[in-house]
Amino acid sequence: MSLLDGWWDDFFFGLLTVLQVFAVALAIAVALGLLGASAKLSNSRLLRALAQVYTVVFRGAPELLVLLLFYFGMALTLTWFVQLFDPSVKFIDLPPFWAGSIAIGLIVGAYMTETFRGAFLGVDRGHIEAARALSLNPYQVFWYVRVPQMWRLALPNFGNHMLSIMKDTALISIIGLEEILFVAKMANSVVHRPFLLYVTVAMIYLAMTTVITLVVGQLEVRANRHLRGTR
Amino acid sequence: MSFDFALIATSLPKILQGLGLTLNLLVVSTLLGLLLAVGILLMRLSQHAWLVWPAKAYIYFFRGTPLLVQLFIIYYGLPQFGLLRHSFLWPLLREPYWCSVIALALNTAAYVSEILRGGVLGVDKGLIEAGKALGLTKFQRASRITTPLAVRLALPAYSNEIVSMLKSTALASTVTLMEMTGVARTIVADTFAPYEIFIAATIIYLVLVWFIQTAFTLIEGYANRHVRKG
Amino acid sequence: MTGIVDLEQVNKFYGDYHALRNVDLSVAKGEKVVVCGPSGSGKSTMIRCINRLEEHDSGRIVVDGKELTDDESKIESVRREVGMVFQAFNLFPHMTVLQNLTLAPRLVHKKPRGEAEEAAMKYLTRVRIHDQANKYPSQLSGGQQQRVAIARALCMNPEVMLFDEPTSALDPEMISEVLDVMTDLAREGMTMICVTHEMGFARSVADRIVFMDNGEIIETSTPADFFAAPKTERARTFLGQILAH
Ligand SMILES: Nc1ncnc2c1ncn2[C@@H]1O[C@H](COP(=O)(O)OP(=O)(O)O)[C@@H](O)[C@H]1O
Ligand SMILES: [Mg+2]
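Every chain is numbered independently, its residues counted from 1 as its sequence is written. Written order decides the labels, with chains lettered from A and ligands numbered from 1. Only residues with pLDDT of 70 or above have their local features reported here, since the model is predicted, and side-chain atom pairs are shown and tallied only from 80 upward, although totals for entire chains, interfaces and linings are computed over all residues. Excluding hydrogens and water, the side-chain values take into account all heavy atoms of the structure.

A. Layout of the arrangement of the chains. What makes two residues a contact is simply this: any of their non-hydrogen atoms within 4.5 Å. Interchain contacts are distributed over two pairs of chains, and the most extensive set of them lies between chains A and B. Nowhere do chain B and chain C come into contact; their C-alpha atoms are at least 20 Å apart.

B. Inspection of the interface of chain C and chain A at higher detail. With 29 residues of chain C at the contact, the number on the chain A side is 25 residues. Together, the buried faces of chain C and chain A total about 2400 Å²; carbon and sulfur atoms form 59% of this surface. Note on definitions: salt bridges are taken to be side-chain nitrogens of Lys or Arg within 4 Å of carboxyl oxygens of Asp or Glu. The tally of links from chain C across to chain A stands at one salt bridge. Of all elements in the fold, only helix H2 (72–81), strand E6 (82–85), helix H3 (97–107) and helix H5 (142–154) of chain C reach the threshold of two or more residues within the side of chain C that touches chain A. When residues are grouped by polarity, Ala, Val, Leu, Ile, Met, Phe, Trp, Tyr, Cys and Pro land in nonpolar, Asp, Glu, Lys and Arg in charged, and all others, Gly among them, in polar. By residue class, the composition of the side of chain C that touches chain A is 16 nonpolar, six polar and seven charged. Joining two parts hides part of their accessible area as seen by a 1.4 Å probe, and the buried area is that hidden amount summed over both. The way it works is that DSSP assigns letters per residue, a run of H or I at least four long becomes a helix, a run of E at least two long becomes a strand, and they are numbered from the N terminus.

C. Spotlight on the UniProt feature "transmembrane region" (unreviewed entry) in chain B. Residues and elements named next belong to chain B. UniProt positions are given in the numbering used here, feature names are shortened, and annotations may be inferred rather than shown by experiment. Within the UniProt annotation, "transmembrane region" (unreviewed entry) is assigned to residues 21–45, 57–76 and 197–219. Helix makes up 100% of residues 21–45 and strand 0%, whereas the separation of the span's terminal C-alpha atoms amounts to 35 Å. Taken end to end, residues 57–76 is 90% helix and 0% strand, and its two terminal C-alpha atoms sit 23 Å from one another.

D. Layout of the interface of chain B and chain A. Contact with chain B, which involves 35 residues of that partner, is made by 40 residues of chain A. Carbon and sulfur atoms supply 78% of the area buried between chain B and chain A, which totals about 3300 Å² over both sides. The interface formed by chain B and chain A contains one salt bridge. Elements represented by at least two residues in the side of chain B that touches chain A include exactly helix H3 (49–64), helix H4 (67–77), helix H9 (138–168), helix H10 (180–191) and helix H11 (194–223) of chain B. If one sorts the elements of the side of chain B that touches chain A by residue count, H11 of chain B sits on top with nine residues.

E. Fine view of the layout of surface pockets. Residue and element names in this part refer to chain B. Considering only enclosed or pocket space, the second largest pocket measures out at about 1100 Å³ in volume. Among the secondary structure elements, those contributing two or more residues to the lining of the second largest pocket are helix H2 (19–45), helix H7 (96–122), helix H8 (125–133) and H9. For the lining of the second largest pocket, the element with the highest residue contribution is H9, accounting for 12 residues. Looking at side-chain class alone, the lining of the second largest pocket contains 19 nonpolar, five polar and five charged residues. In the cavity and pocket records, a cavity denotes points on a 1 Å grid over the protein atoms alone where a 1.4 Å probe fits but cannot get out, a pocket denotes an open set with protein on both sides within 12 Å along at least 5 of 7 lines, and lining residues are residues with an atom within 4 Å of a point. Grid points are joined across faces, edges and corners, and a volume is the space filled by probe spheres set on the points.

F. Structural detail: the sheet that holds strand E2 (residues 17–27) of chain C. Residue and element names in this part refer to chain C. Paired strands are those between which DSSP finds at least two bridges. Reading across the sheet, the four strands line up as E2-E1-E4-E5 and stay open at both edges, with antiparallel pairing between neighbours. Every other strand in the sheet has two partners, leaving E2 and strand E5 (66–67) as the edge strands with one partner each. Two elements, strand E4 (residues 58–63) and E5, share two bridges in a ladder whose sense is antiparallel. By the bridge assignment, Val-62 is partnered in E5 with Glu-67. Fitted lines through C-alpha atoms give the axes, limited to the stretch in contact for helices. The angle between two N-to-C directions lies from 0 to 180 degrees. Sheet strands in contact with helix H1 (residues 43–50) are strand E1 (5–14), E2 and E4, and its direction is about 60 degrees off that of E2.

Laid out in C-alpha cells, this is it:
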C-alpha cells in the first residue's frame, strides 16, 4: 500500500466529510420522516396530499437527478436572492456539502415517511385499546405504548435507510465535495492506480456500512428481547 | 428569477431521446442480474460451506458499497490490468455501456438474491411438509410448492428493486452515457436552466415508475388470484 | 334506573349496519351479569361502548353517575373506574409483567413506583402468578397471560370489570385457571359484566343472564330460569348449540 503513501490523510479528511454529511442528512431525513408520517396520518386532506406528492417524487426520481437539481438550482435561487439586495454580486455557490446533505436528507426522508407510517399503523390495535381502557390519556398511550413498539417495527427499515444515506454520500463527489471518492479521483491523476484507489474507497465504505449493520443489529436484539418467548 | 414552463415542454422531447438507452440499460441489466441472482441464491441455500460463503461475501460486498464506486472500479479500475486489456473481455470493458450494464447487473443480483431468499424462507413449512407427506420428491417440492409460493412472496420487493434499478441507470451518465439524465445534464450545461430541465427529466422518471408499479400490481393480482376473496 | 352502569335505548351503527338496537341494561353495584348470544350479535360492541372504546350513536350510557359523551375528561374518569379484559389479552409486549401492571397506576394515579409495585405484587399473588413478575408476556402461557391481564385491570381499583370472551382464545386446559380467578373476584363482590359462553361459570356466578341476538337484548333472566326454560326460541336454539359441544 506504499503507493498510497501521502494520500492517507486526504482519505481520512474525506472520511470525516462523509461522516458529517451522513449525520446531517440523517437528522434531516428523520425530521422529514416524522413530519411526513404525521402528515400522512393526519385528518387534513391537504397535508395528506402534500406528503403523498413528497414521497412519490422523492422515491421515484433518481438520487443523482435530485442532487443535481439541488446543487444547481439552489445556487441559482441563492444568487437571485442575494442579487435582490446587492446587484453587483455575480454568482453564489451553494456549498456542495449543504446541497448534498439536504438532497440526500430529502430523498431518504421520503422513505422514512413510509417506514414511520407503517410502524405507526403496525402497532396492534388491541394494545392501544388496552391502554385506553386503563384510562391512559392519548399522550400517554402514544409515548408509553405506541412509540416503543413503533421503534421495534421501524428498526429494520430504519437500518436500511441509514445504509442508503451512507452509500448515497458517494454521489456528492460528482458536485465536487471532497469526500473519499473525490480524493481517489485526485490521487489517481497523480499515481495512476485507479483499481487500487477505487477498491480502497469501496473498502472504506464497506467498513462504514458494516458498523451501521452491527449497531442496528444490536439495537434490534435489544428491541426484541421481550420476544424471546419460551412458548 | 423566472420559471419557464414552456422550457419544460420544449425540453421533454430532447430528454426523451435518452429514453431508449435508459430502458435498454434497465432491461438488459435487470435480466442479467436476475440470472445471476438465481445462481447466487442456489449457492446461498446450498448445504456446502464452500458455496455458501462466496455467495455471502458477494452479497456483503455489493450491498455494502455504493454502486457509483462499483461502476468506477469496473470502468476506470479494471483497465489498469494489462492482462484484461489483451483478453476477450476488453471489447466489453472498453465500452461505457457494457461497464454500466455489468455494474448494474452485479449490483442488483446481490439484492435480488436476498429478495428471493426472503421469499423462499417465507414459504410456510407446513406446506412443504404436506408435500413430503404426499410423497413428492425434493425436486417436485421445489418446483411445485416452494418456487411458485416464494416468487409470489417476493414480487412486491422485486418491484421496488426494479424501480430502484431504473433510478440507478442515471449513474451511467457519470461514465459519459447519454441516457436521460446524461441528456438532461448536457442541456443544463447549455441553457443553465437547472430547475426546468431536471424537473422535466424527473417527470419522465416518475411516469416510468408509475408504469413499473402498475405492471407489478397487475402481475401480483394475477399471481394471487387464488387468494382473492369472492 | 340507578345502577352503577346504565344503558338506555342505546343504538349503534357501523355505516349502514345496525349493530345495537335500543339496548336497555341496568347493572347494580355488586351484580354479576353474563352476556351471551351468537357470534356477531353485538356483545362486544355493547360492552365496548361502556368504556367508550366504541361510541354509541343514540341513547344514554351512564357509569357511576357520569354520562358518556364526547367529553374527554369524563371518558377518562369512567375508564379509571372500569377495568377491561380482552379476548386477545392485549398485554404490552415490550414490557415485563410487572411493568404492565404498574404502568397505568403510575401514569394515571401518579403512584410512586414502590407503591405501585407493591400493589402489583399483591394482585399477582391473587391471580396466583407472582413468580412470573419479571417475565415478558411472550414467555407466559395463554392462561397466565390472561391472569396477568386481569391483575393489570385490578391494579386500577376499578368499580366495574368488563370481560369480553376472556377464555375463548385459550386452550381447554387453561380455561379453568382463568375462570377460577374470575370466580374469586365475583365472591369478593366485584361488579362484573362478562361476555362468555362458559355456561358452568354463568350458572354458578351470574345473578342475571342477558341474551343478545342481532344487536338486541331479547331475553334477561336468572341463570336458573334461563337454563331451565328459555323464553325465546332463539335462546333455546343457541343453548342447544352451546351445550351440545
Ligand atoms: N369496526 C366495525 N366495523 C364494522 N362492523 C363491525 C365493527 N365491529 C363489529 N362490527 C359488526 O357488528 C356486529 C356485532 O359485532 P360484535 O359486537 O363484535 O359481535 P359479537 O361480539 O357478539 O360476536 C357484527 O356483525 C360485526 O361484523
Ligand atoms: Mg365479540
